[in-house]
Amino acid sequence: MARLTLDDVTKVYTDEGGGDIVAVEEISLDIDDGEFLVLVGPSGCGKSTTLRMMAGLETVTEGELRLEDRVLNGVSAQDRDIAMVFQSYALYPHKSVRGNMSFGLEESTGLPDDEIRQRVEETTDMLGISDLLDRKPGQLSGGQQQRVALGRAIVRDPEVFLMDEPLSNLDAKLRAEMRTELQRLQGELGVTTVYVTHDQTEAMTMGDRVAVLDDGELQQVGTPLDCYHRPNNLFVAGFIGEPSMNLFDGSLSGDTFRGDGFDYPLSGATRDQLGGASGLTLGIRPEDVTVGERRSGQRTFDAEVVVVEPQGNENAVHLRFVDGDEGTQFTATTTGQSRVEAGDRTTVSFPEDAIHLFDGETGDALKNRELPSNRAIDAFVSN
Amino acid sequence: MGQIQLTDLTKRFGDTVAVDDLSLDIDDEEFLVLVGPSGCGKSTTLRMLAGLETPTSGDIYIGGDHMNYRVPQNRDIAMVFQDYALYPHMTVRQNIRFGLEEEEGYTSAERDERVVEVAETLGIADLLDRKPDELSGGQQQRVALGRAIVRDPEVFLMDEPLSNLDAKLRAEMRTELQNLQDQLAVTTVYVTHNQTEAMTMADRIAVMDDGELQQVASPFECYHEPNNLFVAEFIGEPMINLVRGTRSESTFVGEHFSYPLDEDVMESVDDRDDFVLGVRPEDIEVADAAPDDAALDDHDLQMDVTVVEPHGDQNVLHLSHPDQPSADDALQAVTEGMHLVTRGDRVTVTIPPDKIHLFDAETGTAVHNRRHDQEADFTQLEQ
């Protein structure tokens, strides 16, 4: 059993002038046994520092880190029963694949040679690299090296895997393949995993839950689709999702949201959720923007196409309001079969059940989109 | 004028043919993307255009002038590299101005003016007195572009200029580069291994493999009307589904399913027997499982969901055949964001007959490509 708990964990560094830099601020997280948790955020958000504290590579300034009931603060890295996989693979160039994988076991355990050999071979079978056992890292592709680095962590049979951007050195196709493979492996092994990345696609597709960090603080912990459809605040809304959610600053005037270039009437039910906030940000995901179909007149606006990015299966269409500022652009996703060009005039509508509203000052979500309810959606969105 | 003509261009390094008999016409002001896996010859082609490599045979013309023996500085081209290649000891101003050093016909005051003008176009006018290491990756990339733009060349050559940026910034810079190229109207040849960049940025894409040109066409055509298996697989993310099989009368028979071929497909099949059937993941329809096989149409299959990758706006489903629970996923389907199923669910999968591609299994040549819905689903407003 390996439930990993962070209780108000804080990391403070002292800079050259003697001042304090808070890298991680009072993070509390409960990571279940067997869970795949992704720590995601932009660079400098504190995600790697958090992982390094879990690994024992950084000390915890305040708070408590526990594996089940055992407090890890002060326990050395090699005594934590944790295996780490790095972005750079960190393989020994002069050792064979077999040598790289058995090295850790030979050094740190009393396992007999036979058993070490057996474990290494089982693991390479599982990873589909058993024909590479006698090669050196220099003779392997990036994807194969990554598998060896994983294998080295797996043979140790640890309680927890910690992974620091393990896929970022791979090209796009291979990264997509390895995403699925890592998920499958983690599911089979059932080992609690904390995975750090700045890539929101990895977070969305791999995590049982996602912990979003910004500026050292935890912004939200939830299932990927919970973070996507029900963000706690503007930061999560903007960070999760590709292309990003469209965000329009504006203000409330009566029952109407007034943005730059468009007025959006709010229903009574929506209006009631806003409390006293007057400065607001309206958000809508690109796939929820309807293009070219005139719907309920009140929520339809004239727009001009600025740039089209075809992706085959869909197009990302960048637009601006005809009545708005040149700089206020937004994005709509349309099907790949629709033909549209820069300079075209069209209409867009923002269905009210798909909009989000955030407090303009604090960034807190005041109203998130409506979701249909069925077994699968409930299972993916709820925690 | 910056039109480019490559005729029968070949480059050999010893016994290795890096570029094989490549002919390509690039229009004035066109944005052409050269794309392919590493080692396909795209960078060698770019380097021949730049004058950094000499062709073994064939000819290069820019603006109608023969270029084979011209040194790089006399080709009226500007190159942008992946690593930016900025001088660390020079300010942004000096770095951009350096692009003008070898240009004649400018007074010193004109050079200064031109640098400011370019910096303004790129939105980096307030950074002119900074050194490169005081800039973010995106800002450094803009400076590298500035150094190319300042020379006002006939042709831009770009070698993976965005690959050092993170995902969000890369998406932003894609649009920005497109806008900029449009505004400057300079013929651009852009090399990348990233199919998303190719699809979203190019007027036309030139797909290369193994030194040979596989297809030159618009992103839409490369995606929907690939010349061959290589192009079909390389373009598109997630990848096109490919199933090997043989023809029995007018039925395609794969390992796990049979699929009736329409009359017009049969006409293009001739007397071939071995095929690869292709269908894009977003063209596969997924519905609740039919009660029994009798309820299935000829184009339907019962399959099990093995992995669900939610992306928010869409979901990638990995599907396997019920009696073949191997680790190899048989098909991938993309569904809309709110259309979710759970792992382990049985579903009915429909492959619509107008969405299939057929390739000759031996040569890889496309025998039949999907039909198009030419109707734009876009409503044009009165201009």
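Residues numbered from 1 in each chain as written. Chains lettered and ligands numbered in written order. Predicted model: local features only at pLDDT ≥ 70, side-chain atom pairs only at ≥ 80, totals over all residues. Heavy atoms only, no water.

- Chain B is annotated in UniProt as Xylose/arabinose import ATP-binding protein XacJ from Haloferax volcanii.
- Database annotation for chain B, UniProt heading Function (literature references left out): "Part of the ABC transporter complex XacGHIJK involved in the uptake of xylose and arabinose. Responsible for energy coupling to the transport system (Probable)."
- Word for word, the UniProt comment on chain B under Sequence similarities is "Belongs to the ABC transporter superfamily. Carbohydrate uptake transporter-1 (CUT1) (TC 3.A.1.1) family." (UniProt positions renumbered as here; feature names shortened; annotations may be inferred.)

- For chain A, the name recorded in UniProt is Xylose/arabinose import ATP-binding protein XacK, with Haloferax volcanii as its organism.
- Turning to chain A, the UniProt annotation filed under Function (literature references left out) states: "Part of the ABC transporter complex XacGHIJK involved in the uptake of xylose and arabinose. Responsible for energy coupling to the transport system (Probable)."
- The Subunit comment attached to chain A in UniProt states, word for word, "The complex is composed of two ATP-binding proteins (XacJ and XacK), two transmembrane proteins (XacH and XacI) and a solute-binding protein (XacG)."

**Some words on the sheet that holds strand E19 (residues 345-349) of chain A**
1) Next: Pairing in this open sheet of five strands is antiparallel, and the strands run E15-E19-E16-E17-E18 (chain A) from one edge to the other. Where the open sheet ends on each side, the last strands, each with one partner, are strand E15 (290-291) and strand E18 (329-335) of chain A.
2) Next: As paired elements, strand E16 (residues 300-310) of chain A and E19(A) share five bridges and run antiparallel to each other. For A:Phe301, the partnering residue across the bridge sits in E19(A) and is A:Val348.
3) Next: Lying on the sheet, helix H5 (residues 167-184) of chain B is in contact with E16 and strand E17 (314-321) of chain A; it crosses E16(A) at an angle near 90°. (Pairing = 2+ DSSP bridges. Helix = DSSP H or I, 4+ residues; strand = E, 2+ residues; numbered from the N terminus. Contact = heavy atoms within 4.5 Å. Axes fitted to C-alpha atoms, helices over the stretch in contact; angles between N-to-C directions.)

**Digging into the interface of chain A and chain B**
In many analyses, interface size is given as the accessible surface area lost on bringing the parts together.
1) Next: Facing 56 residues of chain A, the contacting portion of chain B comprises 47 residues.
2) Next: Across the interface of chain A and chain B, roughly 4,400 Å² is buried in total on both sides, 54% from carbon and sulfur atoms.
3) Next: The largest share of the area that chain A buries against chain B comes from A:Lys173, A:Gln337 and A:Arg339, three residues that together contribute 16% of it.
4) Next: At the boundary of chain A with chain B, the tally comes to three salt bridges.
5) Next: Residue A:Glu309 is joined to B:Arg174 by a salt bridge in which the shortest nitrogen-to-oxygen separation is 3.1 Å. (Buried area = accessible area lost by both parts, 1.4 Å probe. Salt bridge = Lys/Arg side-chain N within 4 Å of Asp/Glu carboxyl O.)

**A short note on the UniProt feature "binding site: ATP" in chain A**
All names here are of chain A.
1) Next: Using the residue numbers shown here, the UniProt feature "binding site: ATP" corresponds to Gly41, Pro42, Ser43, Gly44, Cys45, Gly46, Lys47 and Ser48.
2) Next: Topologically, Gly44 is positioned in the loop between strand E3 (36-40) and helix H1 (47-55).
3) Next: The class of Gly44 is exposed, set by a relative accessible area of 74%.
4) Next: With respect to the helices and strands, Lys47 occurs in helix H1.
5) Next: Of the polar contacts made by the side chain of Lys47, one reaches the backbone oxygen of Gly41; its length is 3.1 Å. (Buried < 20%, exposed > 50% of the residue type's maximum accessible area, 1.4 Å probe, protein only. Polar contact = N/O pair within 3.5 Å; in protein donor to acceptor, adjacent residues only side chain to side chain.)

**Points about the UniProt feature "binding site: ATP" in chain B**
Residue and element names in this part refer to chain B.
1) Next: As annotated by UniProt and renumbered to match this structure, "binding site: ATP" occupies Gly36, Pro37, Ser38, Gly39, Cys40, Gly41, Lys42 and Ser43.
2) Next: Checked against the element boundaries, Cys40 lands in the loop between strand E3 (31-35) and helix H1 (42-50).
3) Next: Judged by relative accessible area, Cys40 falls into the buried class, the value being 1%.
4) Next: Apart from the residues lying within four places of it in its own chain, the contact partners of Cys40 are Ala18, Met208, Asp209, Asp210, Gly211 and Glu212.
5) Next: In this fold, Gly41 is placed in the loop between E3 and H1.
6) Next: Residue Gly41 is classed as buried on the basis of its relative accessible area, which comes to 7%.
7) Next: Once you skip the residues sitting within four places of it in the chain, Gly41 turns out to touch Ala18, Val19 and Met208.

**Looking at the pairing of strand E6 (residues 77-80) of chain B**
Residues and elements named next belong to chain B.
1) Next: The alternating pattern of E6 places Ile77 and Met79 and Ala78 and Val80 on opposite faces, both of which are buried.
2) Next: One ladder, built from four bridges, connects E6 with strand E7 (residues 155-159); its direction is parallel. Residue pairing in the sheet places Val80 in a bridge with Met158 of E7.

**Overview of the domain arrangement of chain B**
Residues and elements named next belong to chain B.
1) Next: Domain boundaries in chain B define domain 1 (4-230) and domain 2 (239-368).
2) Next: The three residues of domain 1 that bury the most area against domain 2 are Tyr223, Pro226 and Leu229, which together make up 76% of that side's buried surface.
3) Next: Summed over the shared surface of domain 1 and domain 2, the number is zero salt bridges.
4) Next: Where domain 1 touches domain 2, the interface holds four residue pairs in polar contact (both at pLDDT 80 or more).
5) Next: Here the side of domain 1 that touches domain 2 gets three residues from one element, more than from any other, and that element is helix H7 (residues 219-224).
6) Next: Looking at side-chain class alone, the side of domain 1 that touches domain 2 contains four nonpolar, three polar and no charged residues. (Domains from an automatic or database assignment. Nonpolar A, V, L, I, M, F, W, Y, C, P; charged D, E, K, R; others polar.)

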